[in-house]
Amino acid sequence: MIDFEMPTPVSRQVQFIGMLGEQVMRPRARYYDDHEGERPVEYTSLIWQTVRAQGGRNFSADTSERLDRDGRPRPRIGYLMLAHMVEALSWGDAGMYLATPGAGLGGAAVDATGTPEQKERFLRRFGEGEPKWSAMAMTEPHAGSDTAAIRTRARLSDDGREWILDGEKIFVTSGAMAARDSAGFVVVWATLDPSAGRAAIKPFVVEAGTPGMLVTKLEHKHGIRASDTAAIIFQHCRIPRENLLGSEEISDGRSSGGKGFAGAMRTFDATRPLVAASAIGIARASLEFTITYLRQRGVTIRYDVPLHRQTAIERDLRQMEAQHRAAWLLVLRAVTAMDAGQDNALEASMSKVKAGQVATFIAQKAVELLGPEGYSCTLLLEKWMRDARINDIYEGTGQINRLIVARRLLGYSSRELR
Amino acid sequence: MISFTPGDEQQLVIDTVRRFASEQLRPLAHDADEQRSTPAEVLTRGWELGLLHNAIPEALGGIADAQAALTGALALEELAAGDVALGWHLLLPATFAVPLARAGSDAQRERWLTPLLEGGYAPLSAALIEPTWDFDPTALQTVAFADGDEYLLTGLKGYVARANDAAALLVYARVGDELAAFIVPRDSAGVAVLDREQHMGLRALPTYQVRFDGVWLPAASRLPGTIEPLLDRSRVALAASAVGVARGAYEYARAYALQREAFGRPIAQNQSIAFMLAEMAIEIDAARLLAWEAAWRLDRGLPAMREAALAAQYADEMVLMVTDRAVQILGGHGYIREYPVERWLREARGFPTFLGLAIV
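For the structure given in this document, a descriptive report is provided here. (Residues numbered from 1 in each chain as written. Chains lettered and ligands numbered in written order. Predicted model: local features only at pLDDT ≥ 70, side-chain atom pairs only at ≥ 80, totals over all residues. Heavy atoms only, no water.)

1. Considerations on the pattern of salt bridges
Under the defined criterion, the tally for this structure stands at 53 salt bridges over all chains. One salt bridge connects A:Asp33 with A:Arg225, and the closest N-O pair in it is separated by 3.8 Å. Of the two residues, A:Asp33 is situated in helix 1 (residues 8-34) and A:Arg225 in the loop between strand 6 (213-218) and strand 7 (229-240); the sequence distance between them amounts to 192 residues. A:Asp181 is the salt-bridge partner of A:Arg180, the closest N and O atoms lying 2.9 Å from each other. Judged by relative accessible area, which is 47%, A:Arg180 ranks as partly exposed. In this structure A:Asp181 comes out as partly exposed when scored by relative accessible area, which is 37%. Salt bridges sharing partners connect three or more residues here, namely A:Arg333, B:Arg18, B:Glu77, B:Glu78, B:Arg247, B:Glu251, B:Asp285 and B:Arg288. (Salt bridge = Lys/Arg side-chain N within 4 Å of Asp/Glu carboxyl O. Helix = DSSP H or I, 4+ residues; strand = E, 2+ residues; numbered from the N terminus. Buried < 20%, exposed > 50% of the residue type's maximum accessible area, 1.4 Å probe, protein only.)

2. Details of helix 1 (residues 8-35) of chain B
For an α-helix, 3.6 residues make a turn, and residues three or four places apart therefore share a direction. Residues and elements named next belong to chain B. Helix length check: helix 1 (28 residues) gives 39 Å between terminal C-alpha atoms against 40 Å at 1.5 Å per residue, within 8%. Helix geometry: helix 1 is bent most strongly at Ala-29, by close to 50 degrees. On its buried side, helix 1 packs onto helix 2 (40-47), helix 3 (51-55), helix 4 (68-90) and helix 10 (341-348). After helix 1 finishes, the residue Arg-36 shows a positive phi value of roughly 55 degrees. (Expected span 1.5 Å × (residues − 1). Bend = angle between axes of the 7 residues up to and from the residue. Contact = heavy atoms within 4.5 Å.)

3. Considerations on the packing of helix 1 of chain B against helix 2 of chain B
Residue and element names in this part refer to chain B. Contact geometry for helix 1 and helix 2: axes closest at 11 Å, N-to-C directions at 165 degrees. On the basis of the axis angle, helix 1 is roughly antiparallel to helix 2. Considering only the axes of helix 1 and helix 2, their crossing is left-handed. Between helix 1 and helix 2, the contacting residues are Phe-20, Gln-24, Leu-25 and Leu-28 on the first element and Val-42, Arg-45 and Gly-46 on the second. (Axes fitted to C-alpha atoms, helices over the stretch in contact; angles between N-to-C directions. Parallel < 35°, antiparallel > 145°, perpendicular 65-115°, else oblique. Left-handed = near helix turned anticlockwise from the far one by under 90°.)

4. Focus on helix 10 (residues 345-369) of chain A
All names here are of chain A. Over its 25 residues, helix 10 runs 36 Å from end to end, which matches the ideal 36 Å to within 8%, given 1.5 Å per residue. Across the 25 residues of helix 10, 21 count as buried, placing the element largely inside the fold. Positive phi shows up at Gly-371, right after helix 10, with a value of about 55 degrees.

5. Concerning the pairing of strand 4 (residues 185-191) of chain A
Residue and element names in this part refer to chain A. With seven of its seven residues buried, strand 4 lies for the most part within the structure. With burial as the criterion, each face of strand 4 is covered, one bearing Phe-185, Val-187, Trp-189 and Thr-191 and the other bearing Val-186, Val-188 and Ala-190. With seven bridges connecting them, strand 4 and strand 5 (residues 201-207) associate as antiparallel partners. When the sheet's bridge partners are listed, Ala-190 is paired in strand 5 with Lys-202. (Pairing = 2+ DSSP bridges.)

6. Details of the interface of chain A and chain B
On the chain B side, the residues contacting the 43 residues of chain A number 49 residues. Buried area between chain A and chain B, both sides added, is near 4,400 Å², and the carbon and sulfur share of it is 64%. As a salt-bridge pair, A:Asp3 and B:Arg300 come within 3.6 Å of each other at their nearest N and O atoms. Where the side of chain A that touches chain B is concerned, the elements lending two or more residues are helix 9 (312-339), helix 10 and helix 13 (398-410) of chain A. Sorting elements by how many residues they give to the side of chain A that touches chain B places helix 9 of chain A first, with 13 residues. Classifying every residue of the side of chain A that touches chain B gives 24 nonpolar, five polar and 14 charged. (Buried area = accessible area lost by both parts, 1.4 Å probe. Nonpolar A, V, L, I, M, F, W, Y, C, P; charged D, E, K, R; others polar.)

Encoded structure:
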């Protein structure tokens, strides 16, 4: 039955993270925006306690089966919960949220494709000791959306005991913290045979500090500056043969049990709504701030007056509110489908397209509405506008996601609609 | 617990109304628009779906459950996907009956609601819109003054559907600063039904201007309940209907783009067309979710003024964008009346105006 009632655990979690955002993230948001490349320690130290206590799985959904008092399975809310957590953390500060220590994206790849032995070896560290990060390295200077065109090579050493990686990766989120500044690791996507296309592209785990893996550059970004974005070079980087995740066979995604390249693409069904949720968090921050700011200065928003009696500000704010809510509902639809175990690729990409666009629209409008104040660095609005912009770019640009939506709706393959 | 899946009974309503809309409404839509009339038989057949009864609580003779507004929104989307003018014509009695059920007195319900629910289709109707550019439901120009145990009603209304043969109209008017609604028998002295109106769209639904020239009404003809929430119920109905119109246009344009070839392949294989369709689909879904949430709040008895207003505003803009693009995707054919998309564009533009013509 169609219902909009939020489960109590979710509302409680949102409230808790809201306090964290207000007390720990917001007060330091400007500082880390001004000091790009510094680790936001107030947040990372605090959140590490929680992440460590949960065995290091910072943003993986709880998909375990729980029973209610009558022994019936409860509806799963893992991804619903996750979307709300990401939204609420991004409301606090999107850059800091991205710098959350823990198993993260790289850990998710290990979790999804690793053997029990690999999981133990790579994931155990996130439940103990100092904060650690993992990262995912896919994009290369010449290959962004076109992931199948990556050139980083993986060759077996002569004695067959090691993989030797050569290539260059860019735009690695938390790359410096994962590869250099903590005892983490990087999951590197490389090809066993450039002539074999997607089938030969495999994920490899490279431990922090491995000789031959070099962080060459930290990007200077428009926004989300509390999160490091690294370029990493691999020069004859030797890693144990057991660090390949999944099968060594060059085969299509189907015969490798969905754990190869196609499997990696499918994880986007789970992560895209979360990027959308992050976008919505920034949008809500901008919207709430703007409305409160204007209300305190005597501006009212009326909802019952017709168009011709609305002020220009009212019209803008109403549009921002409606767009915000519409985008968030699309995100919720995508994650509830995920929780129900349904194919949600269409809904996931729809929510990403919409939220990526809406966050930017709202944040840009908020700066406009507050005029000289909105543009000033005394408020966070201008920062949120810069933070918001990434959401229409990473984890699939708005255009790539439109392509995915269109293929689904039209029943076209990637060959038929290019 | 949050869910975007209709329940079994709601799905039954969707399936039933969808079949009716595609088999009975859509095939009539072109001629009904051209001839500016609705065949009487389709209203009779549509009445048998029992959609009005679905909107009226059981205690008052209907069969509505706790999700009446939501179910109404689902039904309106389906009707409008078939044809909005015919669909609203079919549900016209609801614009009279739902306000009585929500805000009427026992005597008013007994006099008007009971016979309507027990009988066949009857063109009872409502008069909210005033034919001025600056029409404002919160500051109506139609006014009623209390005088003893009577009211004196004066004003001019437009977009009054079936005013020519409705036995009674529900007339919205201002009493001092209050929004009020009165049951006005059409043959009351001082009621003048003027010429039939001509509009860009919605042509199968005959509407009239009606002048109230000092109409004396007994005090008991005023609905005793609060009237503002009825406007929220209409905004939700409009939003859901806009979603239906947009969906009809999107589905038509999609099918056309898959089959129409240019330069040796279907035009849908061009990103410029495919992306338009993707955005249309996303916006339709977004507007639908807003409409559902507002309806859900109405059913829960939660404040819904803001949500209904935002859903309606969003849907107004969405349906114009979607139908306009449908015309563009069909190119020259989109501009020809033989194809339905130009009609959908004509109807879409009216949604910011249509307040009061449908209700959940």
